[in-house]
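The primary structure of each chain is shown beneath.
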Amino acid sequence: MPSFDEALQRAGEFGRFQRRAFLLLCLTGVPFAFLFVGVVFLGSRPERFWCRGPGAAALAERCGWSADEEWERTAPPAPPAPPGGPAPGRCQRFRLEAANVSALGCQDPLAAFPNRSAPLEPCRSGWRYAPAPATIVSQFDLVCVNAWLLDLTQAILNLGFLTGAFTLGYAADRYGRIVIYLISCFGVGVTGIVVAFAPNFTVFVVFRFLQGVFGKGTWITCYVIVTEIVGSKQRRIVGIVIQMFFTLGIMILPGIAYFIPNWQGIQLAITLPNFLFLLYYWVVPESPRWLVTQKKGEKALGVLRRIAKCNGKYLSPSYSEITVTDEEVSNPSFLDLVRTPQMRKCTLILMFAWFTSAVVYQGLVMRLGIIGGNLYIDFFISGVVELPGALLILLTIERFGRRLPFALSNVVAGVACLVTVFIPEGIPWLRTTVATLGRLGITMAFEIVYLVNSELYPTTLRNFGVSLCSGLCDFGGVVAPFLLFRLAAVWLELPLIIFAPFSQMPVNASRERKPRSPAPTFEGHCQR
């Protein structure tokens, strides 16, 4: 009896059918990128905000002030900005009601107080923002003592990714790739709509978590389907190219944010495309490789014949049964990922590499929202920078293997982060160039980890293994916003000093004492 790979080779390993399914599934990466980094635009801080007390509100209404006039005449001086950072908001307010508000002048209301100094008090409500376009910061007053709640929104999303990796990754191995993919697409669409119209911050956070759960389900299942419907020789190429669509999403996002003036509109624009993927029910079949592992040989052969017909091939009637081993039909568990010394080593190194890559990558992306400049152009350029990363991987992994490009990309990222700190702000072109190299390096490291993770595990463990190990990526995403925003409040460049050693840690963890061998094929390598 033929093996599955022999039957797939006969039906065509990357014919018209696979190219069509590959292109359609790759599109999933675009809205997933929107979800992954959308907080940069959803949560951008207004240029100015201040606290409006009852006295200032009454005075503004009586005097007919504009928002700018109210800010100039009633907002207290802002505290000094952190070194290199943006100007902070005004987290206290003048207690104008300590005087007779009706007696205060419209031109200089503070003149009624001794030394033009009204009493100050902390602000708990009554925030005002300028300019007008709303973000989640102005919608839910995520400023001053509540500023950390913006960090929480991204951490909660990544916690959802982590939950989805475990739950939906396991479900995809048990119940099928395409059914979990479709459920996830529907789920991320519905929860995203609820997020856009959330009446309060609690509802927003709960459904953002659920959107993260389903969002991770769409990405991991489409990635695994793509790598399972093609031959082993094409797997590494499609595994890299699919991530280029994630980069495409990063490039498109600033355009959406530029033309849509408020966060609800942006949220809907980046969510609704997920419903279009439900049409794949009639186009993309279940993974025949998964069907074989579930002892559903007839259904697998049906899919293979459909693939062969579309590819202009002919699958002989002699292919009436496909051989499987007992190992191939076992249900996956965490113990399978740590059962042998080699498997434990692979799993632990991959987890660690996922974590550090995610902290640095997400930190550098979110940093674009706080360094000033034109956010839309800078974000677009940062996406363009990622495209050469995929091409460099394709050119190097066959010649040098995976370990050397992975190590060099991490070294480049770490050195670039550290060097950027010490380049004077008066040389912006040099800072931009070095920062660009850092973004390119960490992007390559991220994509190589994804590629190697899918290569190292056998079919029955592939989806579960990728889900579990990439769960540490999501844990890194939980840590990254707190690390970035809290450290940047002290010194804008301080996060870069932390990111630099983070980039070097996977290099040391992945070193082996064995002599270097020519670029190996890693298919199922962790079984040994």
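Residues numbered from 1 in each chain as written. Predicted model: local features only at pLDDT ≥ 70, side-chain atom pairs only at ≥ 80, totals over all residues. Heavy atoms only, no water.

(A) Representation of the overall build of the chain in the model. Counting its regular elements, the chain contains 20 helices and 4 strands. With 528 residues in all, the chain has 55% of them scored as buried. Summarising the internal contacts of the chain: among those between residues at least 6 apart in sequence, 80% fall at separations of at least 24. When the accessible surface of the chain is totalled, it reaches about 22,300 Å², and 64% of it is carbon and sulfur. (Helix = DSSP H or I, 4+ residues; strand = E, 2+ residues; numbered from the N terminus. Buried < 20%, exposed > 50% of the residue type's maximum accessible area, 1.4 Å probe, protein only. Contact = heavy atoms within 4.5 Å. Areas by Shrake-Rupley, 256 points an atom, 1.4 Å probe, with all protein chains shown as cover.)

(B) Structural detail: the environment of Ser-232. With respect to the helices and strands, the residue Ser-232 is situated in helix α11 (residues 232-259). The class for Ser-232 is partly exposed, based on a relative accessible area of 38%. Linking Ser-232 and Gln-9, residues 223 residues apart in sequence, is a C-alpha distance of 9.8 Å.

(C) Highlighting empty space enclosed by the protein. Across all of its chains, the model carries 4 cavities of 30 Å³ or more by this definition. Taken as a whole, the largest cavity holds about 240 Å³ of empty space. As for the largest cavity, its lining consists of 18 residues, of which Trp-219, Gln-243, Phe-246, Phe-446 and Tyr-450 are closest to the centre. Listing elements by their share of the lining of the largest cavity, those giving two or more residues are α3 (29-37), α10 (201-228), α11, α15 (341-367), α18 (428-456) and α19 (459-488). Tallying contributions element by element places α18 first for the lining of the largest cavity, with 4 residues. Of the voids in this model, the second largest cavity is the one considered here, and its volume is about 80 Å³. In this structure, the second largest cavity is lined by 14 residues; those nearest its centre are Pro-31, Leu-35, Val-188, Gln-211 and Ile-270. Of all the secondary-structure elements, those providing two or more residues to the lining of the second largest cavity are α3, α10 and α12 (263-271). Considered class by class, the residues forming the lining of the second largest cavity number 7 nonpolar, 6 polar and 1 charged. (1 Å grid on protein atoms, 1.4 Å probe; cavity = no way out; pocket = protein on both sides within 12 Å on 5 of 7 lines; lining within 4 Å. Points joined across faces, edges and corners; volume = space filled by probe spheres on them. Nonpolar A, V, L, I, M, F, W, Y, C, P; charged D, E, K, R; others polar.)

(D) Inspection of the packing of α10 against α11 at higher detail. In contact at an axis separation of 9 Å, α10 and α11 are set at 145 degrees when each is read in the N-to-C sense. Here the hand of the crossing between α10 and α11 comes out right-handed. Contact with α10, carried on its side by Trp-219, Cys-222, Tyr-223, Val-226 and Thr-227, involves Arg-235, Val-238, Gly-239, Ile-242, Gln-243 and Phe-246 of α11 and no other residues of that element. Residue composition of the contact of α10 with α11, by class: 7 nonpolar, 3 polar and 1 charged. (Axes fitted to C-alpha atoms, helices over the stretch in contact; angles between N-to-C directions. Left-handed = near helix turned anticlockwise from the far one by under 90°.)

(E) Representation of the packing of aromatic side chains within the structure. Enumeration according to the criterion identifies 28 aromatic pairs in this entry. Here the aromatic rings of Phe-14 and Phe-22 are separated by 6.1 Å at their centres, their planes lie at 65 degrees, and the arrangement is edge-to-face. Between the aromatic rings of Phe-36 and Phe-246, the centroid separation amounts to 5.5 Å while the plane-to-plane angle is 75 degrees, which identifies the pairing as edge-to-face. Residue Phe-36 is found in helix α3, and its partner Phe-246 is found in helix α11; the two are separated by 210 residues along the sequence. Judged by relative accessible area, Phe-36 falls into the buried class, the value being 6%. Ring-pair connections join several aromatic residues into one group, and the members of that group are Phe-32, Phe-36, Phe-161, Trp-219, Tyr-223, Phe-246, Trp-354, Tyr-361 and Phe-446. A cation sits over an aromatic face here: Arg-174 above Tyr-175, 6.0 Å from the ring centre. (Phe/Tyr/Trp six-rings, centres within 6.5 Å; stacked < 30°, edge-to-face > 60°. Lys NZ or Arg CZ within 6 Å of the ring centre and 35° of its normal.)

(F) Representation of the pattern of salt bridges. Scanning all chains against the criterion turns up 9 salt bridges. Between Asp-151 and Arg-486 there is a salt bridge; the shortest N-O distance is 2.8 Å. In this pair, Asp-151 is assigned in helix α8 (residues 148-175) and Arg-486 in helix α19, connecting sequence segments 335 residues apart. By relative accessible area, Asp-151 is classed as buried at 1%. Among the charged side chains, a salt-bridge network with shared partners connects Arg-52, Glu-70 and Arg-128. (Salt bridge = Lys/Arg side-chain N within 4 Å of Asp/Glu carboxyl O.)

None of the figures reported here should be taken as evidence of function without further support.
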